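The residues making up each chain are set out below.
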Amino acid sequence: MKVLTRFFDRVVQRYLPDAFLFAVILTILVYLLGVTITSSGPVEMITYWGEGFWDLLEFGMQMSLVVVTGYILASTPVVKGFLAKLSRAAKTPGQAVMLVTFVALLACLINYGFGLVVGALFAVHVAKRVPAVDYRILIASAYSGMVIWHGGFSGSVPLLIATPGHFLEDAIGIIPVTETLFSSFNLFIVITLLITLPLFNRYLLKGADPIGKIDPSLWKEESGEETEAEVPQSVTPAERLENSQALSFLIGMMGLLFIGYHFVANGFDLNINIVNFIFLFLGILLHRTPRRFLDTVGRGVKNAGGIIIQFPFYAGIMGMMVASGLSDKISLWFVSFATEYTLPIFTFLSAGLVNALVPSGGGQWAVQGPIMIQAALEIGADTAKTAMAVAWGDAWTNMIQPFWALPVLAIAGLKIRDIMGFCVMILLFTFIPIAIGFLLL
């Protein structure tokens, strides 16, 4: 295991390009596959790419705000103090990795956007507390929480098929979460990962290359953060407004009132928009003045550059995959040799492959769901388990897809090659409990 871990780490460090170049190479690969495997011609594939290029603008903005609002909230004295206090539970590098992994898994079970931010921010604080830990493995551990998200409370597939009026209702009806999220196979996978993944990530420390440590200056607190005593005296009316605690309190309380209304009206609906809303308005309140808040925003937006420029490329890839029928061909190939017993595991594998090219849970279900559900109905396979197989396949290969890692890397100050070698090992390990869940339960 030690040799294998070091092998993947060194290969990735040597050959994996920057995340932006990865998206470019993936674009070219999907274009060539579309031209050679489907009936689409070269001009048609270019058209699909260009027409889909801007389809993730809303989602790209949401993920940019995940990074910025998470940074804003984490920069407040109250949250800094809480995370620092929680990080004291880790005394050794092994404990640090296990603690970060467990916190990230729990947070991603609640909500994937929440988990991405909390895991990365907490990892930075733990790294300050235990500077001897390999920072790359610590951030990979924080990101590993994403492997569990689609089996949790924000899983788009199980929540969608439990909602009246979903687009496959005529075929499968309404499938309650008791048959998906709270099924025996899903609970087995989730509980097993909660117990074993922290231990496995700790084991990765033994295989880490001792010369591969990251410069600690990456996670030292940025200079330029003003303390309360350093805030300049307000002279002009504009400066008084900028340093007005009353103004921040007023707008912050308006935000909190809406948050309360949202949960009263919708129950525990912790979607990505409300997560960003909570982070934003708590940040406004806890920074106390507009000036301190805006100064923090200025520092935080620097972290969102990779998301802003790369998400359109993934939207273009998605456009080619869907419009050319390439994603359909991948799914149908797996279905062609599946049986009633093996369809869920082959669905899981095909979903993992499609997710590596189209990293979007809801979008992937819209494309792949009808094919897999029709196959399940024809051969008599469990439709709820087949649907969850798509969900887990989507979550599983997040470990080797930079798309979702961008917010974590932005907060951590790392590049994709710094963590990907360890993420490959996490991918291989997590296949075991997931496969057991779909084959034996």
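Residues numbered from 1 in each chain as written. Predicted model: local features only at pLDDT ≥ 70, side-chain atom pairs only at ≥ 80, totals over all residues. Heavy atoms only, no water.

The name that an unreviewed UniProt entry assigns to the protein chain is Short-chain fatty acid transporter, with the source organism given as Oceanobacillus aidingensis.

1. So, the overall build of the protein chain
The helix and strand inventory of the protein chain stands at 22 helices and zero strands. Against the globule reference of 22 Å for 441 residues, the protein chain gives a C-alpha radius of gyration of 22 Å, in line with a compact fold. Within the span of the protein chain, comprising 441 residues, buried residues form 55% of the whole. Nonlocal contacts in the protein chain, meaning residues at least 24 apart in sequence, comprise 79% of its contacts between residues at least 6 apart. Carbon and sulfur atoms make up 69% of the accessible area of the protein chain, which totals about 18800 Å². Between the mean site of the 25 positive side-chain charges and the mean site of the 28 negative ones, the protein chain shows a separation of 16 Å. (Helix = DSSP H or I, 4+ residues; strand = E, 2+ residues; numbered from the N terminus. Rg over C-alpha atoms; globule rule 2.2 N^0.38 Å. Buried < 20%, exposed > 50% of the residue type's maximum accessible area, 1.4 Å probe, protein only. Contact = heavy atoms within 4.5 Å. Areas by Shrake-Rupley, 256 points an atom, 1.4 Å probe, with all protein chains shown as cover. Lys, Arg positive; Asp, Glu negative; His and termini not counted. Charge placed at Lys NZ, Arg CZ, Asp CG, Glu CD.)

2. Some details on the pattern of salt bridges
Applying the stated criterion to the full structure yields five salt bridges. The closest approach of N and O atoms between glutamate 242 and arginine 291, which form a salt bridge, is 3.5 Å. Placement of glutamate 242 in helix H12 (residues 237-242) and of arginine 291 in helix H15 (residues 290-300) is noted, with a sequence separation of 49 residues between them. By relative accessible area, glutamate 242 is classed as partly exposed at 31%. The class of arginine 291 is partly exposed, set by a relative accessible area of 23%. In the salt-bridge network here, residues are joined through shared partners; they are Asp9, Asp134 and Arg136. (Salt bridge = Lys/Arg side-chain N within 4 Å of Asp/Glu carboxyl O.)

3. Considerations on a positive patch on the surface
Together, Lys85, Arg88, Lys91 and Arg129 line one region of the surface with positive charge. Position of lysine 85 relative to the elements: it lies in helix H5 (residues 77-87). (Patch = residues over 30% accessible without salt bridge, like charges linked within 9 Å, V, L, I, M, F, W, Y side chains within 5 Å.)

4. Overview of the packing of helix H4 (residues 57-74) against helix H14 (residues 272-287)
In the contact formed by H4 and H14, the axes pass within 8 Å of each other and the chain directions differ by 30 degrees. Looking at the two axes, H4 sits roughly parallel to H14. Like other packed secondary-structure pairs, H4 and H14 cross with a definite hand, here left-handed. Contacts between H4 and H14 involve Gln62, Leu65, Val66, Thr69, Gly70, Ile72 and Leu73 from the former and Ile272, Asn273, Asn276, Phe279, Leu280, Leu282, Gly283, Leu286 and His287 from the latter. Class assignment of the residues belonging to the contact of H4 with H14 gives a composition of nine nonpolar, seven polar and no charged. (Axes fitted to C-alpha atoms, helices over the stretch in contact; angles between N-to-C directions. Parallel < 35°, antiparallel > 145°, perpendicular 65-115°, else oblique. Left-handed = near helix turned anticlockwise from the far one by under 90°. Nonpolar A, V, L, I, M, F, W, Y, C, P; charged D, E, K, R; others polar.)

5. Some words on the nonpolar core
Counting 127 residues, the largest nonpolar core has Leu138, Tyr143, Met146, Ile148, Trp392, Trp404 and Ile419 as its most contacted members. The biggest single contributor to this core is helix H22 (residues 416-440), with 13 residues. Not counting chain neighbours up to four residues away, the residues in contact with tyrosine 143 comprise Leu116, Asn398, Met399, Gln401, Trp404, Ala405, Val408, Ile419 and Cys423. Counting six residues, the second-largest nonpolar core is a separate cluster that includes Val68, Ile284, Phe293 and Ala304. (Core = buried A, V, L, I, M, F, W, Y, C linked by side-chain atoms within 4.5 Å.)

6. Re a nonpolar patch on the surface
Side chains of Ile110, Phe153, Phe182, Leu187, Ile191, Ile195, Leu199 and Phe268 sit close together on the surface and give an oily, nonpolar patch of about 790 Å² of accessible area. Sort the elements by how many residues they give to the nonpolar patch and helix H11 (residues 184-207) lands first, with four residues. Inspection of the secondary structure assignment puts leucine 187 in helix H11.

7. Description of helix H16 (residues 305-324)
Given a rise of 1.5 Å per residue, 20 residues ought to cover 28 Å, and the 30 Å separating the end C-alpha atoms of H16 matches this to within 8%. The sharpest bend along H16 comes to roughly 25 degrees, located at phenylalanine 311, with the proline proline 312 sitting one to four residues further on. For H16, the tally of buried residues reaches 14 of 20 residues, placing the bulk of the element in the interior. The positive-phi residue at the C-terminal boundary of H16 is glycine 325, with phi of around 85 degrees. (Expected span 1.5 Å × (residues − 1). Bend = angle between axes of the 7 residues up to and from the residue.)

8. Notes on unusual backbone geometry
In this structure, arginine 288 is a non-glycine residue whose phi angle is positive, near 75 degrees. Mapped onto the elements, arginine 288 comes out in the loop between H14 and H15.

9. Notes on the side chain of serine 324
Tracing the backbone through its elements, the reader meets serine 324 in helix H16. Judged by its relative accessible area of 10%, serine 324 is buried. Looking at serine 324, its side chain comes within polar contact range of the main-chain oxygen of methionine 320, at 2.5 Å. At a separation of 3.3 Å, a polar atom in the side chain of serine 324 contacts the main-chain amide nitrogen of leucine 326. Not counting chain neighbours up to four residues away, the residues in contact with serine 324 comprise Thr38, Ser40, Met45, Tyr48 and Gly319. (Polar contact = N/O pair within 3.5 Å; in protein donor to acceptor, adjacent residues only side chain to side chain.)

10. Some details on the environment of threonine 347
Here threonine 347 lies in helix H18 (residues 343-357). Looking at threonine 347, the relative accessible area reads 1%, which means it is buried. Separated by 184 residues in the primary sequence, threonine 347 and threonine 163 have C-alpha atoms spaced 22 Å apart. Leave out the neighbours within four places in its chain, and threonine 347 touches Gln368, Met372, Thr386, Ala389 and Val390.

11. Description of the packing of aromatic side chains
Geometry of an aromatic ring pair is reported as the spacing of the ring centres plus the angle between the planes. According to the stated counting rule, one finds 24 aromatic pairs in the structure shown. Ring geometry for tyrosine 314 against phenylalanine 403: centres 5.1 Å apart, planes inclined by 85 degrees, an arrangement best described as edge-to-face. Taken together, the residues span a long stretch of sequence, with tyrosine 314 in helix H16 and phenylalanine 403 in helix H21 (residues 402-412) at a distance of 89 residues. On the accessibility criterion, phenylalanine 403 (1% relative accessible area) is buried. Relative to phenylalanine 334, the ring of tryptophan 333 has its centre 5.0 Å away and its plane inclined at 80 degrees; by these criteria the two rings are edge-to-face. Residue tryptophan 333 is classed as exposed on the basis of its relative accessible area, which comes to 53%. Site record: aromatic cluster; members linked through ring pairs are Tyr112, Trp149, Phe311, Tyr314, Phe403 and Trp404. (Phe/Tyr/Trp six-rings, centres within 6.5 Å; stacked < 30°, edge-to-face > 60°.)

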